[in-house]
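Next come the chains, spelled out residue by residue.
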Amino acid sequence: MSDGTERGNGGTERGNGGTEPVRGGTDAVGAGTGGAGAESEGRRSVTVRVPAKVNVQLAVGAVRPDGFHDLANVFLAVSLYDEVTATPAEALTVTCEGPDADKVPLDRTNLAARAAELLAARHGIAPDVHLHIAKDIPVAGGMAGGSADGAGALLACDALWGLNTPRAELLDICAELGSDVPFSLVGGAALGTGRGEKLTELPVGGAFHWVFAVADGGLSTPVVFGEFDRLTEGTDVPEPAASPALLEALRTGDTTALAGALANDLQAPALSLRPSLAATLAAGTDAGALAALVSGSGPTTAFLVKDAEAAQAVAAALTASGTCRTARTATSPAPGARLVPYG
C-alpha cells in the first residue's frame, strides 16, 4: 500500500526486539548523546532490516463511520527488504536512498519519523535522531514499504536509545502508525482483522516463490479504497472472513492450493484506476505463473510460481513484455523487523 500518510486502511508492520549487537555506522549527523545502544563499544548507529509483504487474501468490508473498512487480511512477509539506520543527531531528520527514493517524503509525514516521535513521547525524551532509509521495497507499490520503514525506525530507535520497550507496547505504537505497520514488525504470516492491525500469527508449512512486477508510478491506498466504495455502492458487501482453504494451503505449504485460493477485493478497483495492470497480469500467467493478483492496493502485481527456476523465467518474461518497469523475485515467509548484527 502507499508509502504516504493519507488516511485509509494503510499498513503497519511490527518487529521483534532483540539482544544481539547491532551494526555501527560512520556517518552520524549531529552530536546527540543517544542511549545505551549508541554509547556501548563506541557504536554510533543501529540498523534494522524489515520486509515487504504480499496480501495472499484481502477481504474488504463496507466502509465504517470512521472512514476505515473492516478487513480479513492475510499477510505474508517476503524477502524484499528496506533497512532503516538510526544515528544520534541534534534533531529529527530523515534521508533516503534507493529506487524511487525521490518519491519518499523526508519530513515528519514519513512513517519512520512519526515512529520516532511516538516512541520518544511515550518515554518523555526528545526524538533527536537521524533516520536513513535504504529502500528496496517498491514505493507506493502495495507492498507496505512505508509501513516497513515505520516499524524499522521504531525498533531501531528503541535499541539506539536503550529503552527496552515491551513488545506489546511496540505493537500499540505500530497500530497507531497505521494498519499494516504491526505486521511489518511481526513478519512471517498473519491474519489481520479490524482495519488490519489486530494480528493472529499463522503457521506456514513451506517456502513459497514469488515474482513481483513493479509498475511505473504508484497508487494511493485511500484512493483505491474510495474506488472500492464507488464500485460496491448500493450492493450488500459481505463481512470479511479468512478463507479456510487458503489458511490450510499456508499451513501445509501447498503452492498449488495457495494459487487457487489467492484473492484480493482491491484488485477490481486497482484495475479500474490503472487498466494497464491487466496486461501485466496476463503476461505473468502466460509465462507460466500459477496465479497472479494485484498486491494490496497496487500497482505492484504478484505472481506465485512453483520454484526458483520458474521465478527466474517469469521475471524475465515480464521484463521483456514491456508491461512493467522491472520484475523482482522473492520467497516467503520472511522474518519481521530485525536488528542487523554489528560488524
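Parameters at a glance
- Residues numbered from 1 in each chain as written.
- Predicted model: local features only at pLDDT ≥ 70, side-chain atom pairs only at ≥ 80, totals over all residues.
- Heavy atoms only, no water.
- Helix = DSSP H or I, 4+ residues; strand = E, 2+ residues; numbered from the N terminus.
- Expected span 1.5 Å × (residues − 1).
- Buried < 20%, exposed > 50% of the residue type's maximum accessible area, 1.4 Å probe, protein only.
- Arc of directions from axis to C-beta.
- Contact = heavy atoms within 4.5 Å.
- pLDDT = per-residue confidence, 0-100.
- Pairing = 2+ DSSP bridges.
- 1 Å grid on protein atoms, 1.4 Å probe; cavity = no way out; pocket = protein on both sides within 12 Å on 5 of 7 lines; lining within 4 Å.
- Points joined across faces, edges and corners; volume = space filled by probe spheres on them.
- Axes fitted to C-alpha atoms, helices over the stretch in contact; angles between N-to-C directions.
- Left-handed = near helix turned anticlockwise from the far one by under 90°.
- Nonpolar A, V, L, I, M, F, W, Y, C, P; charged D, E, K, R; others polar.
- Core = buried A, V, L, I, M, F, W, Y, C linked by side-chain atoms within 4.5 Å.
- Parallel < 35°, antiparallel > 145°, perpendicular 65-115°, else oblique.

Enquirer: How do you make sense of helix α11 (residues 308-321) when you look at a structure like this?
Expert: For an α-helix, 3.6 residues make a turn, and residues three or four places apart therefore share a direction. With 14 residues, α11 extends 20 Å from end C-alpha to end C-alpha; this agrees with the ideal 20 Å at 1.5 Å per step. Listed in full, the buried residues belonging to α11 are A310, A311, V314, A315 and L318. End-on, the buried residues of α11 take up no more than an arc of 135°, which puts them together on one face. Those residues of α11 that are exposed and aimed more than 90 degrees away from the buried face are E309, Q312 and A320. On its buried face, α11 sits against β7 (208-214), α10 (277-286), β10 (301-305) and β11 (326-332). Positive phi appears at G322, one or two residues downstream of α11, with a value of about 75°.

Enquirer: Honestly, the confidence of the model for the protein chain in this entry has me stumped. Any pointers?
Expert: Here the protein chain averages 88 in pLDDT, and 87% of its residues register 70 or above. Counted against residues more than four places away or in other chains, residues 1-42, with its pLDDT under 50, gives 167 contacts.

Enquirer: Help me understand the pairing of strand β5 (residues 189-193) in this model?
Expert: In summary, the side chains of a regular strand alternate between the two faces of the sheet. Taken across its 5 residues, β5 has 4 buried, putting it largely inside the fold. Sheet analysis places β5 next to strand β6 (residues 198-201), joined by 4 bridges and oriented antiparallel. Among the inter-strand pairings, T193 is bridged to a residue of β6, identified as K198. The turn linking β5 back onto β6 is made up of 4 residues, and G194 within it adopts a positive phi angle of 65°.

Enquirer: Please explain empty space enclosed by the protein as it appears in this structure.
Expert: The probe, sized like a water molecule, is rolled over the atoms to show the empty space still left. Scanning all chains against the criterion turns up 2 cavities of 30 Å³ or more. Its boundaries defined by the atoms lining it, the largest cavity holds a volume of some 70 Å³.

Enquirer: I keep staring at helix α7 (residues 244-252) and nothing clicks. Help me out?
Expert: Restricting attention to buried positions, one finds in α7 the residues L246, A249 and L250. The arc that holds every buried residue of α7, seen down its axis, measures 100°, which confines them to one face. Against β1 (46-63), β2 (69-88), β7 and α8 (255-261) lie the buried residues of α7. Among the residues trailing α7, G253 stands out with phi positive, at a value near 70°.

Enquirer: In this structure, what is going on with the packing of helix α3 (residues 145-160) against helix α4 (residues 167-177)? I would like to understand it.
Expert: Working note: a packed helix pair is described by the angle between its axes plus the distance between those axes. At a closest axis distance of 10 Å, the pairing of α3 and α4 adopts a crossing angle of 145°. α3 and α4 meet at a crossing whose hand is right-handed. For the pair α3 and α4, contact is made by G150, L154, L155 and D158 and by L170, I173, C174 and L177, respectively. Residue classes in the contact of α3 with α4 are distributed as 6 nonpolar, 1 polar and 1 charged.

Enquirer: I would appreciate a short explanation of the nonpolar core in the present structure.
Expert: Nonpolar side chains in soluble globular proteins generally cluster together in the buried interior. The biggest cluster of nonpolar side chains holds 71 residues, and the ones touching the most others in it are V56, L131, W210 and L258. Every residue in contact with L258, bar those within four places of it in the chain, is listed here: V56, F208, W210, L246, A249, L250 and L304. Counting 27 residues, the second largest nonpolar core, distinct from the first, contains V60, F228, V237 and L277.

Enquirer: Explanation requested: the packing of α10 against α11 in the structure shown.
Expert: Axis separation between α10 and α11 bottoms out at 9 Å; the angle between their running directions is 140°. Judged by the angle between their axes, α10 and α11 are oblique. Like other packed secondary-structure pairs, α10 and α11 cross with a definite hand, here right-handed. Along its contact with α10, which presents T280, A283 and G284, the element α11 presents V314, L318 and S321. Looking at the contact of α10 with α11 residue by residue, the classes come out as 3 nonpolar, 3 polar and no charged.

Enquirer: Help me understand the pairing of β10 in this model?
Expert: Within β10, 5 of the 5 residues are buried, which leaves the element mostly enclosed by the surrounding structure. Neither face of β10 is exposed, since T301, F303 and V305 on one face and A302 and L304 on the opposite face are all buried. In this structure, β7 lies alongside β10, joined through 5 bridges in antiparallel fashion. Bridged to F212 within β10 is A302. Two elements, strand β9 (residues 291-294) and β10, share 4 bridges in a ladder whose sense is antiparallel. Within β10, the residue paired with V294 across the bridge is T301. In textbook terms, the turn of a hairpin is the stretch between consecutive antiparallel strands, and for β9 and β10 this stretch comprises 6 residues, one of which, G296, has a positive phi near 55°.

Enquirer: Explain the side chain of S179 to me, please; I cannot follow it from the model alone.
Expert: Among the structural elements, S179 can be located in the loop between α4 and α5 (181-186). Judged by its relative accessible area of 1%, S179 is buried.

Enquirer: Explanation requested: the sheet that holds β7 in the structure shown.
Expert: Adjacent strands of a sheet form backbone hydrogen bonds with each other and so pair up, either parallel or antiparallel. Taken in spatial order, the 4 strands make up an open sheet running β9-β10-β7-β11, and their pairing is antiparallel. Strands at the two margins of the open sheet, each flanked by one partner only, are β9 and β11. Pairwise comparison of adjacent strand axes, ignoring direction, gives a mean angle of 25° for this sheet. Of the pairings in the sheet, the one linking β7 to β11 comprises 7 bridges and is antiparallel in character. Across the sheet, the residue bridging to F208 is S332, located in β11.

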